[in-house]
Amino acid sequence: VVANPPGGMEWLAMVVSIAANVFYFLWVYRVAANAWLIKPEEMRMGPAMPVGCHFIPIANIVMPYQALSGIARASCGTNAGVALWWTSWLILIVASMVFPFLPPATGGAHEVTAFEHAYLLWSIFTFILSWRLVTRVSRAQAARCHQAT
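Below is a short write-up of the structure. (Residues numbered from 1 in each chain as written. Predicted model: local features only at pLDDT ≥ 70, side-chain atom pairs only at ≥ 80, totals over all residues. Heavy atoms only, no water.)

## Some words on the packing of helix H1 (residues 8-38) against helix H5 (residues 114-148)
Where H1 contacts H5, the two axes come as close as 11 Å, and the packing angle between them is 40°. Taken as axis vectors, H1 and H5 run oblique relative to one another. With respect to the hand of their crossing, H1 and H5 are arranged in left-handed fashion. From H1, Trp27, Arg30, Val31, Asn34, Ala35 and Ile38 reach across to H5, where they touch Leu133, Val134, Val137, Ser138, Gln141 and Arg144. By residue class, the composition of the contact of H1 with H5 is 7 nonpolar, 3 polar and 2 charged. (Axes fitted to C-alpha atoms, helices over the stretch in contact; angles between N-to-C directions. Helix = DSSP H or I, 4+ residues; strand = E, 2+ residues; numbered from the N terminus. Parallel < 35°, antiparallel > 145°, perpendicular 65-115°, else oblique. Left-handed = near helix turned anticlockwise from the far one by under 90°. Contact = heavy atoms within 4.5 Å. Nonpolar A, V, L, I, M, F, W, Y, C, P; charged D, E, K, R; others polar.)

## With respect to the nonpolar core
Ranked by size, the top nonpolar core spans 19 residues in total, and within it Tyr24, Trp27, Leu68, Ile71, Trp85 and Val137 carry the most contacts. Mapped onto this core, the elements with two or more residues apiece are H1, helix H3 (63-76), helix H4 (82-98) and H5. Beyond its immediate chain neighbours, meaning those up to four positions away, Trp85 contacts Tyr24, Leu68, Leu129, Ser130 and Leu133. In this structure, Met45, Ala59, Met63 and Ala67 belong to the second largest nonpolar core, which totals 5 residues. (Core = buried A, V, L, I, M, F, W, Y, C linked by side-chain atoms within 4.5 Å. Buried < 20%, exposed > 50% of the residue type's maximum accessible area, 1.4 Å probe, protein only.)

Worth remembering: the numbers are spatial, not functional.
Dropping the structure here:
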């Protein structure tokens, strides 16, 4: 029995999260395929594996970093920022697994805990890192495409 069934905001958050993941995986596949064309020697895996490795238990802790690192090196010439981005994601994943086991707020059902504040701030930080990585790789690949034409 669920004590508090999900409300409208929870459903909205779930739909937005699923949509964001779909777009992320589409982007990863596209830039991985492009990276194979740009510098195949930098790529450790084929274009589909950078997406698929997210769904392989245990391997999904390291392989996404390896995949994006190769994509960044092939596209930008460096993988600067990829380690920080992936570490930030891993911290969010661990925090989301710890969150359900924390004691509830004492001031009432709608009180936000310090952990929730920290999680939100770290989520924003991770989003900014993700946005910068996506923008940097996408722009580098677009510039290479324009140079080739």
